[in-house]
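Per-entry structural report
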Amino acid sequence: MARIYSKDLLNFLRKQRPGRLWNALKVWSSYHLTRLLRRPVVWGLPITLSIEPTTACNLRCPECPSGLRAFSRPTGNLKTDFFRKTIDEVASRLMYLIFYFQGEPYINPNFLDMVKYASEKGVYTITSTNGHFLNDENARETIESGLDRLIISIDGTTQEVYEQYRKEGKLESVLQGARNVVKWKKKLNSATPHIIFQFLVVRPNEHQIDDARALAQEIGVDELKLKSAQVYDYENGNPLIPENEKYARYAQQADGSWQVKNKLLNHCWKLWHASVITWDGLIVPCCFDKDAQHQLGDLKQGSFKSQWHSDAYMGFRRMLLEGRDKIDICTNCTEGCKVHLNATSAG
């Protein structure tokens, strides 16, 4: 069972307002009514939004389009004015904001200014970073921005293991970045951000999970979170799939092939409670659509509210209810199953 971190939970609850709670109730109700009626019913606005600060990244991780430089969509940085316009529209209904989709957020020079803007609107904010840009100045400004949760990817406890997935990364830079954030959090007497070491469990590093927990405790990180890895070419096996089956999204079949563990059910909570916006304003269904192949809207053409209920969005939800196995991004998805691993204490 996942541990509950009381300080982080209380911080999240303090930021919820009647409008956000009422919106969440409408979203939850419409999703369950949809499952009952087998047709899309959508009330309210998403309770969570993922916004992409940039598509650029300094690393070359093998299962990431940013790392592989494999995008077919344009690359670039989110513009501050464009971001503020979107937040102004949805902040009163948003329970939390994820400043991440693809790329490394800290590469966008205005990233922390945008975090601060959302924080001043009372929105609970989250980002995920590879940790290479958390120098002393950025660490201090991260605390001062009001960021609520900081996820730092650490996929190995020695350089030799770490670089097998985090290509061109330097583990010591990541660890020093984490130390910088912990230091400034204490210096500024700040309760935030809740700092997480996220450990993507793959075959090269699965033997270092206990070492990662000890390292998190040593540095003063609040939580170690284990995450299962998505790989693209899994049908014939993949050297990244862990040997310990509980850490894998995939299971080997009697004929030697591999399949996603979860049963692909014809409903998806994400399409009711969440949405993803690329750096240039494209609206896509979820984080599995990394190359924005299923564009459900464009904020350059109109408001988010109007497009959340658009024919394109409703059509995608209808297609999902009729058969998720017909949607390419759904076939490698773990939504609705228990493959994502529980968080564990760093202390």
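Structure first, text after, so check above.
1. Comments concerning the overall build of the chain
- Scanning the chain for helices and strands turns up twelve helices and twelve strands.
- Scaling as 2.2 N^0.38, a compact globule of 347 residues should have a C-alpha radius of gyration of about 20 Å, and the chain matches this with 20 Å.
- Taken over the C-alpha atoms alone, the chain extends approximately 55 × 50 × 40 Å along its principal axes.
- Looking at the chain as a whole, 58% of its 347 residues are labelled buried.
- A separation of at least 24 residues holds for 70% of the contacts in the chain among residues at least 6 apart in sequence.
- Here the chain displays about 15700 Å² of accessible surface, and carbon together with sulfur accounts for 51% of that area.

2. Overview of the pattern of salt bridges
- Enumeration over the complete set of coordinates arrives at 14 salt bridges.
- Between R149 and D8 there is a salt bridge whose closest N-O contact spans 2.7 Å. A residue pair is termed long-range when its members are at least 10 positions apart, and R149 in strand β4 (residues 149-153) and D8 in helix α1 (residues 6-14) qualify at 141 residues.
- Close ionic contact of R166 with D155 constitutes a salt bridge, the shortest N to O distance being 2.6 Å.

3. Details of helix α9 (residues 209-219)
- Turning to α9, its buried residues number three or more, namely I209, A212, L215, A216 and I219. When α9 is viewed along its axis, its buried side chains cluster within an angular range of 115 degrees and face the same direction. Facing away from the buried side of α9, by more than 90 degrees, are the exposed residues D210 and E218.
- On its buried face, α9 is in contact with α8 (171-187), β5 (194-201) and β6 (223-228).
- Phi for G220, located one or two positions after α9, is positive at around 100 degrees.

4. Examining the side chain of T192
- Mapped onto the elements of the fold, T192 is located in the loop between α8 and β5.
- Judged by relative accessible area, T192 falls into the buried class, the value being 14%.
- When sequence neighbours within four positions are dropped, the list of residues in contact with T192 reads N11, I143, L147, D148 and K185.

5. So, the nonpolar core
- By size, the foremost hydrophobic cluster in this structure holds 95 residues, and its most contacted members are F83, L97, F197 and F304.
- Setting aside anything within four residues of it in sequence, one finds L97 in contact with L49, I51, F83, I87, A118, V123, Y124, T125 and I126.
- Residues V276, L282, V284 and A292 belong to the second largest nonpolar core, which totals five residues.

6. Quick look at the packing of helix α5 (residues 111-120) against helix α6 (residues 136-145)
- As a packed pair, α5 and α6 sit with axes 9 Å apart at the nearest point and diverge in direction by 20 degrees. Here α5 is positioned roughly parallel relative to α6, judged by the angle of their axes. Crossing handedness for the pair α5 and α6: right-handed. On α6, the residues touching L112, V115, K116 and S119 of α5 are N138, E141, T142 and S145.
- Considered class by class, the residues forming the contact of α5 with α6 number two nonpolar, four polar and two charged.

7. Some words on the state of the cysteines
- Inspection of the entire model under this criterion finds zero disulfides.
- The structure places no disulfide on C287, whose sulfur is separated from the nearest cysteine sulfur, that of C286, by 5.3 Å.

8. Some words on the packing of helix α4 (residues 80-90) against α5
- With their axes 10 Å apart at the nearest point, α4 and α5 run at an angle of 20 degrees to one another. Judged by the angle between their axes, α4 and α5 are roughly parallel. Every pair of crossing elements has a handedness; the one defined by α4 and α5 is right-handed. Residue-level inspection shows T80, F83, R84, I87 and D88 of α4 in contact with α5, the latter providing M114, Y117 and A118.
- Split into classes, the residues belonging to the contact of α4 with α5 amount to five nonpolar, one polar and two charged.

So, how was this worked out
- Residue numbers run consecutively from 1 along every chain, following the written order of its sequence.
- The model is predicted, so local features are restricted to residues of pLDDT at least 70 and side-chain atom pairs to those at 80 or more, both for listing and for counting; the totals for chains, interfaces and linings are taken over all residues.
- Based on all heavy atoms of the structure, the side-chain values leave hydrogens and waters out of the count.
- In this text, helices come from DSSP runs of H or I with a minimum length of four residues, and strands from runs of E with a minimum of two, each type numbered from the N-terminal end.
- With C-alpha atoms as the basis for the radius of gyration, the globule rule is written as 2.2 Å multiplied by the number of residues raised to the power 0.38.
- Whether a residue is buried, partly exposed or exposed follows from its accessible area with a 1.4 Å probe, protein chains only, as a fraction of its type maximum: under 20%, in between, or over 50%, in that order.
- The criterion used for residue contact is that any of the two residues' heavy atoms lie within 4.5 Å.
- Every accessible area reported is derived by Shrake-Rupley at a probe size of 1.4 Å, with residue values counting cover from the shown protein chains alone.
- When a carboxyl oxygen of Asp or Glu is within 4 Å of a side-chain nitrogen of Lys or Arg, the pair counts as a salt bridge.
- Arc, as used here, means the arc of the directions from the helix axis to the C-beta atoms.
- In plain words, nonpolar cores are sets of buried Ala, Val, Leu, Ile, Met, Phe, Trp, Tyr and Cys residues tied together by side-chain atoms within 4.5 Å.
- For helices, the fitted line uses only the C-alpha atoms of the stretch in contact; every axis is such a line through C-alpha atoms, and the angle between N-to-C directions lies from 0 to 180 degrees.
- Angle categories: roughly parallel below 35 degrees, roughly antiparallel above 145, roughly perpendicular from 65 to 115, and oblique for all the rest.
- By definition, any crossing whose near helix is turned counterclockwise from its far helix by less than a right angle is left-handed, and any crossing with a clockwise turn is right-handed.
- When residues are grouped by polarity, Ala, Val, Leu, Ile, Met, Phe, Trp, Tyr, Cys and Pro land in nonpolar, Asp, Glu, Lys and Arg in charged, and all others, Gly among them, in polar.
- Any two cysteine sulfur atoms within 2.5 Å of one another count as a disulfide.

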